[in-house]
Amino acid sequence: MTERAYDIFKNLPILETERLRLRKLSMRDAGDVFDYASNPDVAEHVTWEYHRNISDTMHYLRFITQQYREGIPSPWGIIHKELGKLIGTIGYHVWSLPNSYGEVGYALSKDFWNKGYTTEAFNEVIRYGFEHMRLNRVEATCKPVNTASEKVMIKCGLEYEGILRKRLFAKNEYHDLKLYSIIKDKWEQIQINGIKQNK
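Residues numbered from 1 in each chain as written. Predicted model: local features only at pLDDT ≥ 70, side-chain atom pairs only at ≥ 80, totals over all residues. Heavy atoms only, no water.

Asks: Give a description of the overall build of the protein chain that names residues and reports values.
Replies: Counting its regular elements, the protein chain contains seven helices and eight strands. For the protein chain, the spread of C-alpha atoms along the three principal axes comes to 50 × 35 × 35 Å. A buried classification covers 45% of the 199 residues belonging to the protein chain. Looking at the protein chain alone, contacts between residues at least 24 apart form 62% of all its contacts between residues at least 6 apart. Roughly 10900 Å² of accessible area belongs to the protein chain as shown, and the carbon and sulfur atoms make up 49% of that amount. The protein chain carries 29 positive and 26 negative side-chain charges, and their two centres are separated by 1 Å. (Helix = DSSP H or I, 4+ residues; strand = E, 2+ residues; numbered from the N terminus. Buried < 20%, exposed > 50% of the residue type's maximum accessible area, 1.4 Å probe, protein only. Contact = heavy atoms within 4.5 Å. Areas by Shrake-Rupley, 256 points an atom, 1.4 Å probe, with all protein chains shown as cover. Lys, Arg positive; Asp, Glu negative; His and termini not counted. Charge placed at Lys NZ, Arg CZ, Asp CG, Glu CD.)

Structure below.
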């Protein structure tokens, strides 16, 4: 990565949507992170185990803040503006500058599922990737059984590409992953069509 690329994650910018604010995580977020990360349902389809105590959360946040310092791709915290509460994370965990693509991952508190928050945050992260990270492709994956995550990808304009067989080793077993992606040209066309529809 270039120094400029490192700087994006060292100084992860605040992003705003109608209901959400995306910002860097800090150690002060431990209580909110533990609230959702301690729920086994939230951890069911991700690579990490649910947090059994606040020490697990503190370890996670120390790891993420170290990633920021080193400029390594790391997530935004998702803040619910009205409540002033951190309700999840979203961000690029893979960024390939030579190939101009990034991969997004996310997790959200179960209390806020099925209310469009992940879609709202993901759309903003896609926009930032295409406009500020020189991406030509944004992709995301999910386990075949994770239909809720799949619906988010589709709502954000990503298209299904296929199954990555036994692509992920997590929690002592290999998992197939569904691969979805959106290309910059397609995203730009969606923005144009959306503007026309709103007029």
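Moving on, there is more to tell.
Asks: Could you give an account of the nonpolar core, with specific residues and numbers?
Replies: Core analysis: the largest hydrophobic core is formed by 46 residues, its most contacted members being Ile90, Tyr92, Phe122, Ile126, Val138 and Leu158. By residue number, the principal contributor to this core is helix H5 (residues 117-132), which donates seven residues. Setting aside residues up to four positions removed in sequence, Ile90 forms contacts with Leu22, Pro75, Trp76, Ile78, Val104, Gly105, Tyr106, Thr118, Ala121, Phe122 and Val125. (Core = buried A, V, L, I, M, F, W, Y, C linked by side-chain atoms within 4.5 Å.)

Asks: Describe in detail helix H4 (residues 54-70), supporting the description with residues and values.
Replies: Over its 17 residues, H4 runs 25 Å from end to end, which matches the ideal 24 Å to within 8%, given 1.5 Å per residue. The set of residues buried in H4 consists of Thr57, Leu61, Ile64, Thr65, Gln67 and Tyr68. Burial along H4 is one-sided: seen end-on, the buried residues are contained in an arc of 150 degrees. Exposed and facing more than 90 degrees away from the buried side of H4 are His59 and Arg69. Backbone geometry just downstream of H4 places Gly71 in the positive-phi region, at approximately 75 degrees. (Expected span 1.5 Å × (residues − 1). Arc of directions from axis to C-beta.)

Asks: Summarise the packing of aromatic side chains; cite the residues concerned and give the values.
Replies: Under the defined criterion, the tally for this structure stands at seven aromatic pairs. Considering the side-chain rings of Phe112 and Tyr117, the 5.8 Å spacing of their centres and the 75 degrees angle between planes classify their relative orientation as edge-to-face. We note that Phe112, like Tyr117, is buried. Between Phe169 and Tyr174, the aromatic rings sit 4.7 Å apart at their centres with planes inclined by 55 degrees, giving tilted as the arrangement. The cationic tip of Arg52 hangs over the ring face of Tyr50; the distance from NZ or CZ to the ring centre is 4.2 Å. In this structure, Lys178 is placed above the aromatic ring of Tyr160, and the distance from its NZ or CZ to the ring centre is 5.6 Å. (Phe/Tyr/Trp six-rings, centres within 6.5 Å; stacked < 30°, edge-to-face > 60°. Lys NZ or Arg CZ within 6 Å of the ring centre and 35° of its normal.)

Asks: Just give me the short version of the sheet that holds strand S8 (residues 173-183), but keep the residues and values in it.
Replies: What the eight strands build is an open sheet, ordered S1-S2-S3-S4-S5-S6-S8-S7; its pairing is mixed. The strands lining the two open edges of the sheet, one partner per strand, are strand S1 (15-16) and strand S7 (159-170). Looking at chain direction, S7 and S8 are connected through eight bridges and run antiparallel. Bridging from a neighbouring strand, Ile163 pairs with Lys178 of S8. (Pairing = 2+ DSSP bridges.)

Asks: Any chance you could break down the environment of Tyr68 for me, citing the residues and the numbers?
Replies: Counting through the fold element by element, Tyr68 comes out in helix H4. Each C-alpha atom of the pair Tyr68 and Lys10 lies 4.7 Å from the other, and the pair is 58 residues apart in sequence.

Asks: I'd like to hear about the side chain of Thr118, residue by residue, with values.
Replies: With respect to the helices and strands, Thr118 occurs in helix H5. Looking at Thr118, the relative accessible area reads 12%, which means it is buried. The contacts of Thr118, once residues within four sequence positions are left out, are Ile90, Tyr106, Leu108 and Val152.

Asks: Help me get a handle on the pairing of S8, residues and values and all.
Replies: Pairing of strand S6 (residues 137-142) with S8, which is carried by six bridges, proceeds in the antiparallel orientation. Within S8, the residue paired with Val138 across the bridge is Ile182. Turn length for the S7-S8 hairpin, with the two strands adjacent in sequence and antiparallel, is two residues, and the turn residue Lys171 shows positive phi of about 55 degrees.

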